[in-house]
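Breakdown of the fold
Chain by chain, the residues:
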Amino acid sequence: LSLHDALPISEAEAKVETFRARNGLISGGGGTTSQPLGTQQLSELSTQLSQARTVKADLTSRAKLIREMIKDGRAFEIPDVANNEVIRRTVEQRITLRGQLALESRTLMPAHPRIKELTAQIGDLDAQIKATADRVVRTMENDARIAEARVDSLNAAVDAQRDVVSKGNSSEVQLRALEREAKAQREQLESYLARYREASARDAESAAPADARVVSRAITPETPSFPKKLPIVL
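Right, let's walk through the structure included here. The structure presented is a predicted model; accordingly, all values stated were derived computationally and were not measured. (Residues numbered from 1 in each chain as written. Predicted model: local features only at pLDDT ≥ 70, side-chain atom pairs only at ≥ 80, totals over all residues. Heavy atoms only, no water.)

Regarding the pattern of salt bridges
Applying the stated rule across the entire model yields 6 salt bridges. With a shortest N-O distance of 3.2 Å, Arg 67 and Glu 141 are connected by a salt bridge. You can see Arg 67 sitting in helix H2 (residues 37–71) and its partner Glu 141 sitting in helix H5 (residues 113–203), a full 74 residues away along the chain. With relative accessibility at 22%, the residue Glu 141 sits in the partly exposed group. The partner of Lys 130 in a salt bridge is Asp 134, and the shortest N-O contact between them spans 3.2 Å. Here Asp 134 and Lys 130 lie together in helix H5, a separation of 4 residues that amounts to about one turn. Residues joined in a network through salt bridges with shared partners are Arg 67, Lys 130, Asp 134 and Glu 141. (Salt bridge = Lys/Arg side-chain N within 4 Å of Asp/Glu carboxyl O. Helix = DSSP H or I, 4+ residues; strand = E, 2+ residues; numbered from the N terminus. Buried < 20%, exposed > 50% of the residue type's maximum accessible area, 1.4 Å probe, protein only.)

In structure tokens form, the structure reads like this:
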């Protein structure tokens, strides 16, 4: 065995790493279950796409609900509108004016200037509330359009990444073949090294392995086995 015998293994392992880097099969994590980088990117894009779809659906449904509330004259019930400090004061003024209108309507006719004045003031307040609600819903619809554009962009990115992963899967098959070849060559080299060590151990006198076994344990006899007094006397 020499350095020349280890060269094919080094070349095979170098081929594996070169093929892995050239085809983007580098793992993106240090864990024991790390996935190829392309697969991880596809998973991340899919997660972002799901989140973007959720945001888009939420904004679209909220904008539609607000439009319906504005149409029904319930703009002041919209949370984003009702939480506005200016609108809160406007709603309070509207409530006060409607109370005055109800009170004046008991004694005054609809054509009375006071009734017309109160009605006009209430109409102005309603217009302010509606304008605020329109701004809120337009902002929400713009956000929904932005979310829709992001969904379209992520859809395209996911489709492109799927193609990358699909190509990477075929490259992964080739990579596995190269890894098996490198592993087989390494196992063959380790087998040669094991045989070489065994042969060296047999050839070296000082390195000869000891061969000892316990056949049976010795038992101290009760009478000496030698000398035999009686046979010797005879």
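As for the environment of Arg 74
Relative to the elements of secondary structure, Arg 74 occurs in the loop between H2 and helix H3 (79–82). Note: C-alpha distance between Arg 74 and Ala 133 (59 residues apart in sequence) is 9.7 Å.

Looking at the nonpolar core
The biggest cluster of nonpolar side chains holds 16 residues, and the ones touching the most others in it are Ile 66, Ile 70, Ala 75, Ile 78 and Met 140. Within the residue set of this core, elements represented by two or more residues are H2, helix H4 (85–104) and H5. Tallying contributions element by element places H5 first for this core, with 7 residues. Beyond its immediate chain neighbours, meaning those up to four positions away, Ile 66 contacts Ile 78, Ala 133, Val 136, Val 137 and Met 140. Counting 7 residues, the second-largest nonpolar core is a separate cluster that includes Leu 42, Ala 52, Leu 154 and Val 158. (Core = buried A, V, L, I, M, F, W, Y, C linked by side-chain atoms within 4.5 Å. Contact = heavy atoms within 4.5 Å.)

Here's the deal with H4
Here H4 contains 20 residues, and its C-alpha end-to-end distance of 29 Å stays within 8% of the 28 Å for a straight helix at 1.5 Å per residue. Among the residues of H4, Ile 87, Thr 90, Val 91, Arg 94, Leu 97 and Leu 101 are the ones counted as buried. With its buried residues spanning 130° around the axis, H4 presents them on a single face. Exposed side of H4, more than 90 degrees from the buried face: Ile 95 and Leu 103 are the residues found there. (Expected span 1.5 Å × (residues − 1). Arc of directions from axis to C-beta.)

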